[in-house]
Each structure stands twice: as C-alpha cells, then as structure tokens.
Amino acid sequence: MSKYLDLSIKEIHELLVDKKITPLDLVDEALERIEENKDLNAFITINDKVREEASALGEVEPDNIFFGIPIAVKDNIVTKDLKTTCASHILDNFIPIYDATIVEKLKENKLLIIGKANMDEFAMGSTSETSYFGTPLNPHDKKRTAGGSSGGSATAISGGLVPLALGSDTGGSIRQPASYTGIVGMKPTYGRISRYGLVAFASSLDQIGPMTRTVYENAALLNILVGEDDKDLTSVKKEKEDFTRLIGKDIKGMKIALPKYFVSDIVDEEISKRIKEVISFLKENGATVDIVDMKYLDTAVNLYQIIAMAEASSNLARFDGIRYGYRATSFNNVDSMYEKTRGEGFGDEVKRRIMVGSYILSGENAKTYYDKALMVRDDITKEFNRIFKDYDLIIGPTTTRVAPLLGTSKDDPHKAFMDDVLVIPVNMAGLPGLSVPVGKSSENLPIGLHIIGKAFDEATIYRLASFIEEVF
Amino acid sequence: MDKLSREEVLHVAHLARISLTEEEIEKFRVQLKVLMDDIDKIKEVKDYDDEMMFTPIEENARLREDVVGDMLTAKEAISNAPKKNGSFIEVPVMINE
C-alpha cells in the first residue's frame, strides 16, 4: 500500500506538482485505508463519485496546496447529491439538493470529499455513541471513545484515513474529540464561517471548524473556510488574513491566563501535571502565565444545557415526516403522524433533549430558564472580555480525563454533558478555541491543551499552538 | 431514585410531539428527572445582571437586500418527501366535513 497520505500536505502538493502522483492515487489510497479500517466506523457514507471527481480535476494548481487532497466532512453538513444523515434514522435516506456554503468552498479549492464522517446523532453527545450507524472507535485504543460529537472526523484523522476533516462544535464537539484522539481541532470565532447548510442544533452556539494532524494544516484550511455569506447573516465580514502568518514565531512577551477552575480537582492529576509542564515550558520561553480567578465558568454546563436544549427543540421541529426524512407508516391523523414519525425516527439522546427543550420554552418557563441563562451567558462573556483586557490567550486542559472506555456514559444523561465541562464556556462567549496534543498519558492516550483566544484572533492561538506542537 | 410521574413525561413528550413506548416512558421518568434537576441549578445563580445575550455577534448583525435569487425547481423541492403524488406531497386528511 502506498504511503502518500502520511506525508504533510505540502509534501503531497510537491509530488502532485511534479506529476509523480495524481489526485486519483490519493483517493485510492484513502479508500483503501478506509476499507481496511472499517471497524473504526469513521464514515457513514463514502462518496461513490470521488474517483470520477479526482480524475476530472484537471491540471494541478501550483499555488493551491489543497488541490486534490481528500477530506472528510461531518455528516451534519449538507452535500448535494451525497447522502447526509446527521447520524439519525430520521434522515437515513436524505439526499440534499444543495451544497452547504462550506462545501462549495471545498469544491472551489479542488478538495475531494471522500465521505461523510460519523458523529453523535444531530451532534448531541460527547462520545459519538448516539449515532444510528455504530460508534466510531479511538484509533489509540479501540475500546475507547474517539469523543464526540465529531468523533468520526477525529477517528478519520487520527487513524490516518484522511489528512483533513471538517467538524462542528456547539459545546466542544471539535476540540474534545481532537483531544481524545491526539489531533488538532479548532472551533473558530462564532461568525467566522458560514453555517448555511450545517444542520442546525443550537444556532447561537454552532460553528464549523477544521480538524487536522498539524497546526499549520489547520490554519491553512481555515484560510479557505472563512468569509461572510448572504445565506447566513450571522457570518461576519472581515478583512482577508492568513491564519498561518504567526506560525513559527517565538512566544516572548506573550501574556497567558490560566483560570483556577481549569486546574481544579475536576481535572485528573495526570492531566494537571502535564499542563503544569507545559506552563513551565512557556515560562522558560519568555511568556508569562498567571493563574486567574474567573467567575461563572462553573455555570457554563448549566447554561449550555438550557440554551442548547431549548434551541434544539425549536430547530428540530422541522422533522415532521412531511417534506423530507423518515415518515411513520401507521398513524390515525396528522398529529399522530408527527408524534410517531419523531418517536420512531429520533434516538434517546435527541428525544431527551427535545423534550426538556420544549419544557424549557413552554409558557413562563422560558423566563425562568432560557432568559436567565441568556443573562448569565452575557456575564460569562463579559468575564472573558475582562481577562482579555490583560491577556493575549487563556489556556487549560481540553478535557478533565483521557478518552474514557466506551459504554461508560451511555444512558447517563448528565455525564454526557460533563465530558465537555472545560470546552463549553468558549461557545457561550462565541470565542475561538483550539485543542493541540501535548503528549500522552501513562496509558499511552493523548492529552490535549486547550487554547482560547480573543474574538477573531485565531492567528495568535495558532502561534502558541505551533510553538507547543514542536516540543510536546 | 427520584422520578418524574408518568403524566409529567407524557406532558413533555406531547410538547415535543414525540410518541413514547411504555418502556420509554419508564426509562425517561428517571432520565428526564436528572436533566430537570440539572437545569434547575440556574435558579441558584444569584449574582448576575439582567442584560441578555442572544448571539455573540450582536454588533455585527446585518441584513441583506430582499431580492430574488436562485430558486429550487418543484421537482427538487419535493425530491426528499417521503410520500408524494406527481408534483404534490401527500399528507393525512386534515379537515373533516
């Protein structure tokens, strides 16, 4: 078997430019790897036209390092004529009639969509075990979770099946699986990337982002994903910038904050120890790292539960068995058609969240729960902004523990949220956050460092991440 | 273990338009109680101001011109409908005499 996909994107690009290989070689290698590692359950659907698409790409574009590179796309991002299931029975035959804006961008840049990555059903979960199509496994230990909800994307990168993937992050769903599988995952600032064609879960929190093997490849991929879009009016217009521009720079004078909560007793000792080693390293290299008090961090999971479940209950009302998706076969009237379609079509985690979300938004409850959560959300955001007056970045561990064994949080509705306790605050404030690997535990499982930046300052996150990546 | 009543589960299932089997009702009596207790913790937050945050990008919110853009064909629009007849989507009878 060829090994081109183990090379960096830059090296692959050189081989393509020198005509030593073709995009079809890369696609064939990826398909072969996916087939050989079928037990990893990284994909729900393989793009059966991808070989044709590879052959049709034409002349190599020497200035486009992504030309002909295979990429995995999380299965909640719609792809025209390519099945998009959200890992749910209710959409198991859904063939989108348009491309998400982000998919148009991949195609314009001549990336090749190899298939649709497995995930938690409608991105609800933290271990990808809520998928209707089996659970993606962690390539570092197949008895363990690859995290969630972008578990399939993380498995695909970590298992060496493809070099690039897209995930989505509502409450840590890019960064937490990246940490569990030892890859680089970025949730950009809310508004950086168009959400048009991302099947909505919690619209005020959702954001698409790149998942890659290295920091450089992550930043380079982000370069082509960003930009405002008239089809998503929450996407923000910004000057074009190169997110790789600070990679390779030193970190002298950088001011970094470490909130006490991120190294409190909720974090496993081994992980805290590794974070302390990272901090010593940063200080030795001229950065200042201060431990700071930050209010409201411990309320973030609570806010997330309320906001995400409420918004999900509203967003998922569209699944009614009429316009698309599964429809129950036996019912008496239109009401029972809705109820049976949704009862038979959704899995347990999704049902729980929609039910509690509907309760949260019913009558006076909307004030008690949702409005209050939005008030505290505003406070947590102000708290981040207060810290960012004095600091360039905030760091901490991405997760409280290494990847847990499969089956340990299934059917426990509370645990599913606690896996994301350290990453959720970032979504509340809409800030960019990235997980970068910082070595392995005594059990040889990856540990991730979480780096949080100011709004729209992804470039500084990449600067620190690349500096750390060189050493750990 | 603390549980919701059967009626409470059926009430939220109705709000959500989700039918449940007997087995699910029993399971969700426990599981929904856990989540209801979780969301109740918001009541314990005392120190907060009353400004609400609806989206992280309020300052940048914009509108676009209301102009006709690309449109779907009727065929495309109903291509994923689970029940159709010619160019129509089939639904159960909704109005009785």
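Refer to the preceding data block for the structure.
Treat the numbers as computed from the prediction; the structure is a model and nothing was measured.

Draft legend 1. Summary view of the nonpolar core. Counting residues in each nonpolar core, the largest one holds 162 residues, and the members touching the most others are I71, V162, A165, I256, I306 and I451 of chain A. Apart from residues lying up to four places away in sequence, I451 of chain A is in contact with L393, I395, G433, L434, V436, I461, L464 and A465 of chain A.

Draft legend 2. Inspection of the packing of helix α9 (residues 300-315) of chain A against helix α12 (residues 365-390) of chain A at higher detail. Residue and element names in this part refer to chain A. Their axes nearest at 9 Å, the elements α9 and α12 cross at an angle of 130 degrees. The orientation of α9 relative to α12 falls into the category oblique. For the element pair α9 and α12, the recorded crossing hand is left-handed. Note on element contacts: α12 touches α9 through Y369, Y370, A373, V376, R377 and I380, opposite A300, L303, I306, I307 and A310. For the contact of α9 with α12, the per-class residue count stands at 10 nonpolar, no polar and one charged.

Draft legend 3. Fine view of unusual backbone geometry. All names here are of chain A. The linkage connecting G148 with the following residue, S149, adopts the cis geometry, with an omega of 10 degrees. Relative to the elements of secondary structure, S149 occurs in the loop between β5 (141-145) and α5 (151-158). With a phi angle near 60 degrees, K19 is a residue other than glycine that sits in the positive phi range. Of note, K19 is situated in the loop between α1 (9-17) and α2 (23-36). The backbone phi angle of S128 is positive, close to 65 degrees, even though this residue is not glycine.

Draft legend 4. Structural context of the environment of E36 of chain A. Checked against the element boundaries, E36 of chain A lands in helix α2. Separated by 125 residues in sequence, E36 of chain A and L161 of chain A place their C-alpha atoms 9.5 Å apart.

Draft legend 5. The arrangement of the interface of chain A and chain B in detail. Between chain A and chain B, the contact holds 56 residues from the first and 44 residues from the second. At the level of secondary structure, the elements contributing two or more residues to the side of chain A that touches chain B comprise α9, α10 (334-345), α11 (348-360) and α12 of chain A. The element best represented in the side of chain A that touches chain B is α12 of chain A, accounting for 11 residues. Taken together, the residues of the side of chain A that touches chain B break down into 27 nonpolar, 16 polar and 13 charged.

Draft legend 6. Examining the environment of I95 of chain A more closely. Here I95 of chain A shows up in the loop between β2 (70-74) and α4 (101-108). Placed 229 residues apart in sequence, I95 of chain A and Y324 of chain A show a C-alpha to C-alpha distance of 9.2 Å.

Draft legend 7. Local environment of the environment of S131 of chain A. All names here are of chain A. Mapped onto the fold, S131 is located in the loop between β3 (112-117) and β4 (137-138). The class of S131 is buried, set by 26 C-beta atoms lying within 10 Å. It is 24 Å that separates the C-alpha atoms of S131 and P70, two residues lying 61 residues apart in sequence. When sequence neighbours within four positions are dropped, the list of residues in contact with S131 reads A87, N118, M119, D120 and E121.

Draft legend 8. Local environment of helix α15 (residues 458-469) of chain A. All names here are of chain A. For α15, built from 12 residues, the straight-helix expectation of 16 Å at 1.5 Å per residue is met to within 8% by its first-to-last C-alpha distance of 16 Å. Taken as a whole, α15 has its buried residues at E458, I461, Y462, R463, L464, A465, S466, F467 and I468. Contacts from the buried residues of α15 go to β7 (184-187), α7 (215-225), α8 (269-284), β11 (393-397), β12 (433-440) and β13 (446-453).

Draft legend 9. Highlighting the sheet that holds strand β9 (residues 255-259) of chain A. Residue and element names in this part refer to chain A. Sheet architecture is open: 11 strands sit in the order β1-β3-β2-β6-β8-β7-β12-β13-β11-β9-β10, paired in mixed fashion. At either margin of the open sheet sits one strand with a lone partner, and together these are β1 (43-46) and β10 (288-292). Taken over all neighbouring pairs, the strand axes of this sheet differ in orientation by 30 degrees on average, direction set aside. Taken together, the five bridges between β9 and β10 define a ladder with parallel strand orientation. In the strand pairing of β10, L258 is matched with I291.

Definitions and cut-offs
- Residues numbered from 1 in each chain as written.
- Chains lettered and ligands numbered in written order.
- Predicted model: local features only at pLDDT ≥ 70, side-chain atom pairs only at ≥ 80, totals over all residues.
- Core = buried A, V, L, I, M, F, W, Y, C linked by C-beta atoms within 7 Å.
- Buried ≥ 20, exposed ≤ 12 C-beta atoms within 10 Å, placed from the backbone.
- Contact = placed C-beta atoms within 7 Å.
- Axes fitted to C-alpha atoms, helices over the stretch in contact; angles between N-to-C directions.
- Helix = DSSP H or I, 4+ residues; strand = E, 2+ residues; numbered from the N terminus.
- Parallel < 35°, antiparallel > 145°, perpendicular 65-115°, else oblique.
- Left-handed = near helix turned anticlockwise from the far one by under 90°.
- Nonpolar A, V, L, I, M, F, W, Y, C, P; charged D, E, K, R; others polar.
- Expected span 1.5 Å × (residues − 1).
- Pairing = 2+ DSSP bridges.

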